[in-house]
Amino acid sequence: MALRFGADVSTAETDYGTVLLDERSGDYWELNPTGTLVIRALLDGGEEEDAVDALVARFDIDRAQAAQDVAALVRELRASGLAA
């Protein structure tokens, strides 16, 4: 399922990744370049498998580890209320 941030979540890409602001709570989240690659793939309408493909293509990472990392990030973003 593609990722969508809530209406009260602002994003800004930086030289070091992406910063997310939860405007409801004022909390900031900082994603490193790997996390940024994952959310870009998902926000562009891709599925988790597309994000895994992007990680494997860009980094020297095992496919199983990439899938675990993508699932963990998506789970955290959804659990925090930042994404649906």
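None of these values were measured; they are calculated from a predicted model.

(A) Region of the structure containing the overall build of the chain. When helices and strands are counted, the chain shows 3 helices and 3 strands. For the chain, the α and β elements follow one another from N to C terminus as β-β-β-α-α-α. Seen along its three principal axes, the alpha-carbon backbone of the chain occupies a region of about 35 × 25 × 20 Å. Residues classed as buried in the chain amount to 32% of the 84 residues present. Excluding contacts between residues fewer than 6 apart, the proportion of contacts in the chain whose partners are at least 24 apart in sequence is 41%. About 5000 Å² of surface is accessible on the chain, with carbon and sulfur atoms providing 50% of the total. Of note, the chain has its 7 positive side-chain charges centred 3 Å away from the centre of its 17 negative side-chain charges.

(B) Highlighting the sheet that holds strand β3 (residues 27-31). Spatially, β1-β2-β3 is the arrangement adopted by the 3 strands of the open sheet, whose pairing is antiparallel. Only two strands of the sheet have a single partner each, and these edge strands are β1 (9-14) and β3. Looking at each pair of strands side by side, their axes are set apart by 20 degrees on average, direction ignored. Bridging between β1 and strand β2 (residues 17-22) involves 6 bridges; their strand directions are antiparallel. When the sheet's bridge partners are listed, Val 9 is paired in β2 with Asp 22.

(C) Examining the packing of helix α1 (residues 33-43) against helix α2 (residues 48-58) more closely. Following both chains from N to C, one finds α1 and α2 inclined at 140 degrees, their axes separated by 8 Å at the closest point. Considering their axes alone, α1 and α2 lie oblique with respect to each other. In this structure, the crossing between α1 and α2 has a hand that is right-handed. Contacts between α1 and α2 pair Thr 34, Leu 37, Val 38, Ala 41 and Leu 42 from the former with Glu 48, Asp 50, Ala 51, Ala 54, Leu 55 and Arg 58 from the latter. When grouped by side-chain class, the residues that make up the contact of α1 with α2 number 7 nonpolar, 1 polar and 3 charged.

(D) Up close: the nonpolar core. Within the largest apolar cluster, 20 residues are counted, with the highest numbers of intra-cluster contacts made by Leu 3, Phe 5, Leu 20, Val 38, Ile 39, Val 70 and Leu 77. Listed by contribution, the elements that provide at least two residues to this core are α1, α2 and α3 (63-79).

Definitions and limits used
Residues numbered from 1 in each chain as written. Predicted model: local features only at pLDDT ≥ 70, side-chain atom pairs only at ≥ 80, totals over all residues. Heavy atoms only, no water. Helix = DSSP H or I, 4+ residues; strand = E, 2+ residues; numbered from the N terminus. Buried < 20%, exposed > 50% of the residue type's maximum accessible area, 1.4 Å probe, protein only. Contact = heavy atoms within 4.5 Å. Areas by Shrake-Rupley, 256 points an atom, 1.4 Å probe, with all protein chains shown as cover. Lys, Arg positive; Asp, Glu negative; His and termini not counted. Charge placed at Lys NZ, Arg CZ, Asp CG, Glu CD. Pairing = 2+ DSSP bridges. Axes fitted to C-alpha atoms, helices over the stretch in contact; angles between N-to-C directions. Parallel < 35°, antiparallel > 145°, perpendicular 65-115°, else oblique. Left-handed = near helix turned anticlockwise from the far one by under 90°. Nonpolar A, V, L, I, M, F, W, Y, C, P; charged D, E, K, R; others polar. Core = buried A, V, L, I, M, F, W, Y, C linked by side-chain atoms within 4.5 Å.

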